[in-house]
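# Commentary on secondary and tertiary structure
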Amino acid sequence: MTGGIAKVVIFSFTERGTKQNRYIYRKLKMQGYICEGYAPAKYVMGEEGGVKQLPKKKEDLIRERWGKWAFLFIGAAGIAVRYIAPYVKDKFTDSAVVVADEAGQYVIPLLSGHVGGAAELADQVAELLGAVSVHTTATDVRKKFAADVFAKKNALHITDREAAKRISAAVLDEEPIGIYAEGEYAENAVKNSEEMFSDEVWICNTEEEVMKYRYRVVVSDSFPAADENTLLLKPKNVIVGLGCRKGISEELLEKGLLKILKENNLDMEQVEVIVSIDLKKEERAVLSLAEKYQVPFLTYPAEMLKEIKEVSSSSSFVEKVTGVDNVCERAALTYCKEHCKYSELILGKRTEESMTVAIARRVMGMSVRRKKDMEDK
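None of these values were measured; they are calculated from a predicted model. (Residues numbered from 1 in each chain as written. Predicted model: local features only at pLDDT ≥ 70, side-chain atom pairs only at ≥ 80, totals over all residues. Heavy atoms only, no water.)

Below, the discussion takes up the overall build of the protein chain. Check the secondary structure of the protein chain and you find 15 helices and 17 strands. Since a compact globule built from 377 residues should have a radius of gyration of about 21 Å, the 23 Å found for the protein chain is in line with a globular shape. For the protein chain, the spread of C-alpha atoms along the principal axes amounts to about 70 × 55 × 30 Å. The buried share of the protein chain, taken over its 377 residues, is 49%. For the protein chain, restricting intrachain contacts to residue pairs at least 6 apart in sequence, the fraction spanning at least 24 positions comes to 65%. Distance from the positive charge centre (56 side chains) to the negative charge centre (58 side chains) of the protein chain: 5 Å. (Helix = DSSP H or I, 4+ residues; strand = E, 2+ residues; numbered from the N terminus. Rg over C-alpha atoms; globule rule 2.2 N^0.38 Å. Buried < 20%, exposed > 50% of the residue type's maximum accessible area, 1.4 Å probe, protein only. Contact = heavy atoms within 4.5 Å. Lys, Arg positive; Asp, Glu negative; His and termini not counted. Charge placed at Lys NZ, Arg CZ, Asp CG, Glu CD.)

Axis separation between helix α10 (residues 250-263) and helix α11 (residues 284-292) bottoms out at 9 Å; the angle between their running directions is 60°. The orientation of α10 with respect to α11, classified from their angle, is oblique. As for the relative orientation of α10 and α11, their crossing is right-handed in sense. Each of Glu 250, Leu 253, Glu 254 and Leu 257 in α10 lies in contact with α11, whose residues at this interface are Arg 284, Ala 285, Val 286, Ser 288, Leu 289 and Lys 292. A per-class count over the contact of α10 with α11 returns five nonpolar, one polar and four charged. (Axes fitted to C-alpha atoms, helices over the stretch in contact; angles between N-to-C directions. Parallel < 35°, antiparallel > 145°, perpendicular 65-115°, else oblique. Left-handed = near helix turned anticlockwise from the far one by under 90°. Nonpolar A, V, L, I, M, F, W, Y, C, P; charged D, E, K, R; others polar.)

Grouped together as the largest cluster of nonpolar side chains are 25 residues, with contacts concentrated most on Phe 145, Phe 150, Ile 167, Phe 197, Val 217, Leu 231 and Leu 233. Of all the secondary structure elements, the ones that give two or more residues to this core are α6 (147-153), β8 (156-158), α7 (161-172), β9 (177-181), α8 (184-191), β11 (215-219) and β12 (230-235). Broken down by element, this core gets its largest block of residues, five residues, from α7. (Core = buried A, V, L, I, M, F, W, Y, C linked by side-chain atoms within 4.5 Å.)

This part is about the confidence of the model for the protein chain. Scored by pLDDT, the protein chain comes out at a mean of 86, with 91% of its residues at no less than 70. The least confident element of the protein chain is helix α15 (residues 368-376), whose mean pLDDT is 44; the most confident is strand β15 (residues 297-300), at 96. Counting interchain partners and residues more than four positions distant, the pLDDT-below-50 stretch residues 366-377 has 14 contacts. (pLDDT = per-residue confidence, 0-100.)

Per the counting criterion, the structure on display carries 16 salt bridges. Across the pair Arg 161 and Asp 90 runs a salt bridge whose closest N-O atoms are separated by 3.4 Å. Placement of Arg 161 in helix α7 and of Asp 90 in the loop between α3 (77-84) and β5 (97-100) is noted, with a sequence separation of 71 residues between them. Within the structure, one salt-bridge network assembled from shared partners comprises Lys 259, Glu 263, Arg 350 and Glu 352. (Salt bridge = Lys/Arg side-chain N within 4 Å of Asp/Glu carboxyl O.)

Position of Arg 216 relative to the elements: it lies in strand β11. Residues Arg 216 and Leu 231, 15 residues apart in the sequence, show an inter-C-alpha distance of 6.3 Å. Setting aside anything within four residues of it in sequence, one finds Arg 216 in contact with Ile 167, Ile 177, Gly 178, Val 210, Met 211, Ala 226, Asp 227, Asn 229, Thr 230 and Leu 231. Separated by 2.5 Å, the side chain of Arg 216 and the backbone oxygen of Tyr 213 make a polar contact. Side chain to side chain, Arg 216 and Asp 227 meet in a polar contact 3.0 Å long. (Polar contact = N/O pair within 3.5 Å; in protein donor to acceptor, adjacent residues only side chain to side chain.)

Mapped onto the fold, Asn 237 is located in the loop between β12 and β13 (238-244). Accessibility expressed as a relative area gives 3% for Asn 237, which makes it buried. Reaching out from Asn 237, the side chain makes a polar contact with the backbone oxygen of Arg 362 at a distance of 2.6 Å.

Attention now goes to the side chain of Thr 322. Its place among the elements puts Thr 322 in helix α13 (residues 316-322). Thr 322 gets classed as buried once you look at its relative accessible area, which sits at 18%. Polar side-chain contacts of Thr 322 include one of 3.0 Å to the backbone oxygen of Val 324. Residues contacting Thr 322, with those up to four places away along its chain left out, are Ile 277, Leu 279, Ala 302 and Val 327.

With respect to the secondary-structure elements, Glu 303 resides in helix α12 (residues 302-305). Under the relative-accessibility criterion, Glu 303 is labelled exposed at 57%. The sequence separation of Glu 303 and Ile 277 amounts to 26 residues, and the corresponding C-alpha distance is 9.9 Å.

Strand order in this open sheet of five strands is β8-β12-β11-β9-β10, and the pairing throughout is mixed. The sheet terminates laterally at β8 and β10 (201-204), the two strands that pair on one side only. Mean inter-strand twist for the sheet, computed between neighbouring axes without regard to direction, equals 25°. Strand direction decides the pairing type here: β9 and β11, joined by five bridges, are parallel. When the bridges of β11 are listed, Ile 179 appears paired with Val 217. In this fold α7 packs onto β8, β9, β11 and β12, with an angle of close to 125° to the strand it touches most, β11. (Pairing = 2+ DSSP bridges.)

Looking now at the sheet that holds strand β4 (residues 70-74). Taken in spatial order, the seven strands of this open sheet run β3-β2-β1-β4-β5-β6-β7, and their pairing is mixed. On the outer flanks of this sheet lie β3 (51-53) and β7 (132-133), each paired with one strand and no other. With two bridges joining them, strand β6 (residues 106-111) and β7 adopt parallel strand pairing. Within β7, the position partnered with Tyr 106 by the bridge is Val 132.

Below you can see the structure in the form of structure tokens.
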């Protein structure tokens, strides 16, 4: 699978296009995709063909899957544009949309090429068909550095969309761009992506060095406030430990978690995983939240959570109900113990209405600033 895309809806409108639909459907499913194929009733061969009849209300199908599924249209680009027009918002939230002609000659990433993964999906479909993948994005055409592609490849969160646009414009204007990475993970992200850097990009070893450039990209958990020409990319390294009342509503759970994240200068795009106790593994609100933001949800048995020696607070009532005195914090620390070389608890147990939250962070190795902070102490 490419670019994190796991679900694809395929539309076709002619007999020849529907043959392509069935072929791509089978091939993508073999590669691990979840696929839905749709075509006019007269071209559908039954369930065994993998393609279903186009629903009468196609707009409902698109609306329900928009931002969660990719869409592949086999036919005229104009058809695709009319289908998706009511739902297009911006490249950071839109679905990937790809168009292929029914003869299998050309495949075009139409929408959300970089962030949504349409460019990669188009390349993959073109390979299946023996077709030409036609890219029209300026950075692709001119083989220039694209900050959004770099961020996606390395699971980094773009903190400022306008800054990302300014960096892209500067690259196309052939302005020099400084890039600085803080910590081992960030440094490895840069080293493993050097083939993406065009001549405009200069790798810097210190904060002072990168600040000499008018435009700069910084990969860091945190970075001192800079001007509008600094694009800060943060890793997806936040671990959310969660406890909640049985039957809590999805709205209340989401509202509470987003509030706590915001108070700690974090957002859902930085969350690596949500963790809790086994008793919550079927909690509908948590499952829905994890699916909405495409974040893994893991749970641990009480016996395993008890292995954590210290927590910031305890509750005898919670222990009576769950078997442990603090679910959220123990769950977050258990995940860190199991999966993180370096980590830190940045928020102990915090109570909101009908829920508790603790936040830990996977640390990107020992940064120069962190070493200095430790020496100063």
